[in-house]
Each structure stands twice: as structure tokens, then as C-alpha cells.
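Fold and contact review
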Amino acid sequence: IPGGTEVAEKGTGAVILAAGKSEYMEELRPLMKVGRTTMIQREIDTLRQAGISPIVVVTGYQAEALEKHIAHRGAVFVRNKRYQTSQMFGSICQGLRYIQKKADRVLLFPSDIPLVSADTIFKMKEAKGSIAIPVYEGKRGHPVMLAQSVIPAILGYKGEMGLRGAIEACGVPAELVRLCDRGVVMDTNTAGDYKEILKYEEDSRKKQELSCMISVRLKKETECFSQDTAGFLEAIRENGSMLGACQAKGISYSKGWKMVKQAEDELGIRFITRQAGGSRGGSSTLTEEGAGFLDRFCALEEQIARYAENAFSGLFSGAMEQKGQEWEGDE
């Protein structure tokens, strides 16, 4: 990969807030369709495209249905069992507690903001401040970016003004990232908002630019390590058990064990140590060698995503613009 072989630290992760129930609509908003997919699938795919990892989804209302819907999207699930009384800030804190030691920077992403572009995610990742907020035509939007250094202060906030109050109370000035992406201020609080999003998405799709999506997989004789494997090992590291990791990822115990076994057999690395525990599934921890391999894979993902975006822009952007001009001339 051009630019050397230095391994990044922990990179940028994301917390998608999907625990609440809409006051204005009966539908489960993250599962509502926007274009050819659902809102939450679209968000996860956009984050993956921008090299964001890990991706944590905080669930609550209809948690099982939501987790099943995105079980194969490479996210980790954290349930907010008090979602009915905790408001969104409770979900924010629960997600931040999970991710704070796993990422140097965290994007907070409400599940009903489906039209944010990958280019915007890249710009938010590159923001210099410890707190960054996207702005479109003077209006603040999402996702908000928090550096690891300010997360303890956010978690320590005891006021009643939610994330805005926590940001103001921590005493760190927020960097306002001015963008041309209307998607950062388009949510689905009401049925009218949803109709507006559908219309905007339809209009945007007609003039949508070509984009590049990268999936990193490693193989020896056969494919042995992928984003799914990495996400499952990350869940083991956090939960301290295979069973807990399977529940967090929404997969069966046998499927989780098969992924780990395949990686260990092909790579000759022992990824986890296990201690039997009967019906509770015992405990599992990553070995030092396994944790090191996982961290290098995540760093590789981020470096490849950055390189691919730059290469794609250089090779395709000009050509597609010229093609668009030719089509306009033919009309």
C-alpha cells in the first residue's frame, strides 16, 4: 500500500442509535425503505464504504427484529433495556461505554439519518477538533464526531440537555464542518420528513455519482478471514465469551465457532482461549497473537479504504464528469 507500512492506532468507529420508538409513526424507523434498501442498512453500508470500524448499533424497541435484519452487516449490537425511559442520551452513553477503548474517534449516527454520503464521513474523520459537528446551510446536523479524549466528560454529564448539553459542559469548543451534503440535516421524525427523504433520494439517484465499495478478505488455500470474522472476534474481546459474542452479533453459536476455527486452522494462529462454563457458555478471551492480528486487519481495512477512495477519484471522477457532459450534449 502506498505511503508505508505503519499500522494505524485504533481508527474511527461509529455508534448508530436505533433504540427508540417514534412518537409520530408506528413503523420501526430503521427498517423503513429508502431506495432499494432500509435506512439502517444504508447507513452501515455507507460507514463501511468509508472504512469505519467498529460499528456499534444500540437497539431497544423491537430489538430482535432489528438485530436479525442487520445480523450479516458486520455490526455489533448493544441493547438499551431502558430505552423507554432513558431518552436518546442514554443510548449514546451506552454505545460510548462500549466503544470508547476501541476507537480513537467515534461518529454518533442516529438511525433515521439515511442520506449522509461516504464523502461526508471521510470529511468528518479528517476534522481536526476533538468535537466536530457537520453544518449544512447554517444548520447543525449529524453525525457528530467525538475524540476519545472527550468521551469521559460526555459520559460524566448529569444534566438534562442531552448530547448538546454534554458537549457544552465538557468545555471543549466544537469544530463546525461546513458541508454541501443536505443529508446531514434530513431525519425522519415525522411522516412528512420521510416523504421528503424519499423524494430527495429519488432525485439524487437520477444524478448519483459512481462510487467505490471495498471488502477486505484474506485467504491462504481458502478464504479464512473477513470483516465478519473481525467483527466476531471484536465482540468476543468485548463480551468475554463466545455466547455473548454470538448474541451481540445475532448469529448461532455453531456459526461463530466455525468462523474462529476456520481462521485458526488456515492461519496457524490460536485466536482465543476458552474456559468451559456449562449452559452459560464459559469464558473466551483473545490471545495476544490473535488480538494483534485483529488490530492489523482493522488497520489494513482503513488504509485500503483511504487508498481506494483516492485511486477511484483519480481514475474515474474526471471520466464520469466528461461522460455526463456528453449525455447532456446529446439531449
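Attention in this report is confined to the structure presented alongside it. (Residues numbered from 1 in each chain as written. Predicted model: local features only at pLDDT ≥ 70, side-chain atom pairs only at ≥ 80, totals over all residues. Heavy atoms only, no water.)

**Examining the nonpolar core**
To keep things clear, this is the line we draw: Nonpolar cores are built from buried Ala, Val, Leu, Ile, Met, Phe, Trp, Tyr and Cys residues. Side-chain atoms within 4.5 Å join them into one set. Partly exposed residues are those whose accessible area sits between 20% and 50% of the maximum for their type, while under 20% is buried and over 50% is exposed, using a 1.4 Å probe and protein chains only. The contact criterion used throughout is that any non-hydrogen atoms of two residues lie within 4.5 Å.
Within the largest apolar cluster, 31 residues are counted, with the highest numbers of intra-cluster contacts made by Leu47 and Val57. Setting aside chain neighbours within four positions, we find valine 57 in contact with Ile16, Ala18, Ile40, Ile44, Ile70, Ala75, Val76, Phe77 and Val78. Among the nonpolar cores identified, the runner-up in size contains 29 residues, and Leu96, Leu146, Leu155 and Tyr157 belong to it.

**Re the side chain of serine 226**
For the record, the criterion: Note on conventions: DSSP H or I runs of at least 4 residues are helices, E runs of at least 2 residues are strands, and numbering of each starts at the N terminus.
Position of serine 226 relative to the elements: it lies in the loop between β12 (223–225) and α8 (227–239). If we ignore the near neighbours within four places in the chain, the residues touching serine 226 are Val216, Arg217 and Phe297.

**A closer look at the packing of aromatic side chains**
The criterion, for reference: Within 6.5 Å between ring centres, the rings of Phe, Tyr and Trp (the latter by its six-membered ring) count as paired, and their orientation is classed by plane angle as stacked under 30 degrees, edge-to-face over 60, tilted in between. A positively charged side chain is recorded as over a ring if its NZ (Lys) or CZ (Arg) lies within 6 Å of the ring centre. The angle to the ring normal must also be within 35 degrees.
Applying the stated criterion across every chain, the model contains 7 aromatic pairs. Clustering of aromatic rings is evident, with ring pairs tying together Phe225, Phe271, Phe293 and Phe297. Over the face of the ring belonging to tyrosine 98 we find lysine 102, whose NZ or CZ atom lies 4.5 Å from the ring centre. Cation over ring: arginine 274 sits above tryptophan 257, and NZ or CZ is 4.5 Å from the ring centre.

**Some points on unusual backbone geometry**
With an omega of 0 degrees, the peptide bond running from serine 53 to proline 54 counts as cis. Relative to the assigned elements, proline 54 resides in the loop between α1 (39–49) and β4 (55–59). Of note, the amide linkage connecting histidine 142 to proline 143 takes the cis form, showing an omega dihedral of 10 degrees. By secondary structure assignment, the location of proline 143 is in the loop between β8 (139–140) and β9 (144–147). Phi at glutamine 62 is positive, roughly 50 degrees, even though this residue is not glycine. Following the sequence through the fold, glutamine 62 ends up in the loop between β4 and α2 (63–69). For glutamine 62, a relative accessible area of 38% puts it in the partly exposed group. For glutamate 137, which is not glycine, the phi dihedral falls at a positive 50 degrees.

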